[in-house]
2 protein chains.
Amino acid sequence: MATHDGSRTVEAVQTTLDIIELLLERDGAGITEIASELDRSKGTIHGHMATLSQNEFVVKEGETYRLSLRYLELGEKVRDRLQIYDVVTEELDDLSASCGELAQFAMPEHGRAVYIYKSAGEKAIQSASSPGKREYMHCLSLGKAMLAHMPRERVEEIIDRHGLVGYTDNTITDPDTLFEELETIRERGYAFDREEKIEGLRCVAAPVKTKEEIIGAISISGPASRFEGEFYEEELPSKVTRSANVIEINSQFS
Amino acid sequence: MATHDGSRTVEAVQTTLDIIELLLERDGAGITEIASELDRSKGTIHGHMATLSQNEFVVKEGETYRLSLRYLELGEKVRDRLQIYDVVTEELDDLSASCGELAQFAMPEHGRAVYIYKSAGEKAIQSASSPGKREYMHCLSLGKAMLAHMPRERVEEIIDRHGLVGYTDNTITDPDTLFEELETIRERGYAFDREEKIEGLRCVAAPVKTKEEIIGAISISGPASRFEGEFYEEELPSKVTRSANVIEINSQFS
DNA sequence: TCCCACGTTCGTGCAGTGCGAACGCGCGAT
DNA sequence: ATCGCGCGTTCGCACTGCACGAACGTGGGA
């Protein structure tokens, strides 16, 4: 798999994707606004919007364009194709209920962790993540659990592409340290996040894999005040690995 | 609003959107397959896929490309921006529970009804609709309820664009008949679907609107065997209009 | 009433797109 | 083990169709 990024690309398409990305950030924008933001002429943007609108990827309300409801269809389809989705929701709901905290599931894609589902227990913290949200893997328990089960060269590719951005004093920003951590995680079977992304936030995660491939990972997140001692080091890891196993087994029959 | 479709469009973008649409139908496809399906050269498709992949709109697994998990993010964002969404889900859950049937909410876009949410009561029929699904409006109670509250010229535009496709003997395929029906619906406040799309399936719908604009519509659907007599002609219409009013009122404060 | 800013249209030049041939590779059949 | 088919990939070339920017029509605010 030569993931070289030297391939010839289509610039007109790049412009359109930039437009979509812009409309994802802003809730509606006009032609002039988009044109100045992307450094293109108004005429150019107009043509792109006409194409997007005819294909119903965008809606025009008066003078502003918005992303259309088609993305609901696309999102739904993509989710439906994840065969493990139903197994995951069921198991995560059980897990979050049993420990009262926030349980999440993510899958790797393009070298990042993509959140798929979350289930909040009674005492659960609020999390900024929502389905589809993409995060770097090196600073998440979820992410490290997944990296630990990828070939080393794939991990190196990911580091090359995304770097090891630092967020807190605990973030792992050195490749060698990361590889050692991944080794530990692989042997132990689960991963911790000791406030490596956000101060005060701790997590435990376990990988979900088939015989030879990593599928994703599940995690439990909570405040440092509750996540310590035996609860954090023993009880949660055991719960999370058990749930991951349940998912692995059940997903083989769907 | 000159909805003329004569605008100059960007063909390269059209190709890319065709690719996305193809990947929406099939679950994964290779370069050669896509190229032959869209009558383009392999080299061309390759360039488009590279662009889509770099922007993470598509994932490459070995030799097959799939739609990426980004569409979850897009779908989620689009849904979050519908301010009435929470109000609708709450009210529809109540409604479906109270009558035991299938309750649905849809919004108009590009001249079609787009399903946003459905809630199944105990006895509810299975429906093929899922969020994002787009249907012609003239043969749905939901659709007619929405059309009834649009300016006549807008309705004419929609007929021009989509026609009045017939599905059953009861489908309204004549514009004049449709306009009469819409008039009746406007006066009465709710719409019926008397097996106009699918034999044996009947529905009642009420519009959800602000002071001057139609937002969407809610409906209750069920089998012709249960949907008859006073229940169908009186009780359900009253329930559905009441729910629509609740949504209208509650959505003003969000 | 005027004027600015918006979306829209269109003719033009040339960048960039699409093509098709050629290449390397993996897999299955022989 | 070998061959050959079919896959994804690359690249040079011709020409298309993209992006530009000026010009136009329009609607809303001062």
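Residues numbered from 1 in each chain as written. Chains lettered and ligands numbered in written order. Predicted model: local features only at pLDDT ≥ 70, side-chain atom pairs only at ≥ 80, totals over all residues. Heavy atoms only, no water.

What to know about the state of the cysteines
Inference 1: Across all of its chains, the model carries 0 disulfides over all chains by this definition.
Inference 2: No disulfide involves A:C99; its sulfur sits 12 Å from the nearest other cysteine sulfur, which is in A:C203.
Inference 3: This cysteine, B:C203, is not joined by any disulfide, and B:C139 carries the nearest cysteine sulfur, 10 Å off. (Disulfide = S-S within 2.5 Å.)

Focus: the relation of the copies chain B and chain A
Here the second copy of the chain follows from the first by a rotation about an axis and a shift along it.
Inference 1: Superposition of chain B onto chain A requires a rotation of 180° combined with a translation of 0.0 Å along the rotation axis, giving an RMSD of 0.0 Å. Accordingly, the operation relating the two chain copies is best matched by a two-fold axis.
Inference 2: The share of interface residues of chain B whose copies in chain A are also at the interface is 97%, consistent with both copies meeting through the same surface. (Least-squares fit on C-alpha atoms with pLDDT ≥ 70 in both. Contact = heavy atoms within 4.5 Å.)

Overview of the sheet that holds strand 4 (residues 112-120) of chain A
All names here are of chain A.
Inference 1: Strand order across the open sheet formed by 6 strands is 5-4-3-8-7-6, with antiparallel pairing between neighbours. Both edges of this open sheet fall to strand 5 (134-136) and strand 6 (191-194), since each of them pairs with a single strand only. Within this sheet the neighbouring strands show an average axis-to-axis angle of 30°, counted without direction.
Inference 2: Sheet topology note: the strand 3 (residues 102-109)/strand 4 ladder contains 8 bridges and is antiparallel. Opposite A106, over in strand 4, you have Y115 as the bridge partner. (Pairing = 2+ DSSP bridges. Helix = DSSP H or I, 4+ residues; strand = E, 2+ residues; numbered from the N terminus. Axes fitted to C-alpha atoms, helices over the stretch in contact; angles between N-to-C directions.)

Quick look at helix 4 (residues 70-80) of chain A
Inference 1: Burial analysis of helix 4 of chain A places 8 of its 11 residues in the buried class, which makes it a mostly covered element.
Inference 2: For helix 4 of chain A, the complete set of buried residues consists of A:R70, A:Y71, A:L72, A:L74, A:G75, A:E76, A:V78 and A:R79. (Buried < 20%, exposed > 50% of the residue type's maximum accessible area, 1.4 Å probe, protein only.)

Notes on the interface of chain B and chain A
Inference 1: On the chain A side, the residues contacting the 58 residues of chain B number 58 residues.
Inference 2: Between chain B and chain A, the buried area comes to about 5,600 Å², and carbon and sulfur atoms account for 60% of it.
Inference 3: It is B:L24, B:L69 and B:L72 in chain B that bury the most area against chain A; as a group they hold 13% of the surface buried on that side.
Inference 4: Counting across the chain B and chain A interface gives 14 salt bridges. (Buried area = accessible area lost by both parts, 1.4 Å probe. Salt bridge = Lys/Arg side-chain N within 4 Å of Asp/Glu carboxyl O.)

Some details on the protein's contact with DNA strand C
Inference 1: Taken together, 22 residues lie around DNA strand C, and A:I31, A:T32, A:K60, B:R8 and B:T44 are the ones closest in.
Inference 2: Taking A:E11, its main chain carries an N or O atom lying 2.8 Å from a phosphate oxygen of DNA strand C.
Inference 3: Between DNA strand C and B:T44 there is a distance of 2.6 Å, counted from a phosphate oxygen to a side-chain nitrogen or oxygen.
Inference 4: Of all the secondary structure elements, the ones that give two or more residues to the surface near DNA strand C are helix 1 (11-25), helix 2 (31-38) and helix 3 (42-54) of chain A together with helix 3 (42-54) of chain B.
Inference 5: Split by residue class, the surface near DNA strand C holds 5 nonpolar, 10 polar and 7 charged. (Near = heavy atom within 4 Å. Polar contact = N/O pair within 3.5 Å; in protein donor to acceptor, adjacent residues only side chain to side chain. Nonpolar A, V, L, I, M, F, W, Y, C, P; charged D, E, K, R; others polar.)

Note that every value here comes from positions in space, so none of it alone points to a role or purpose.
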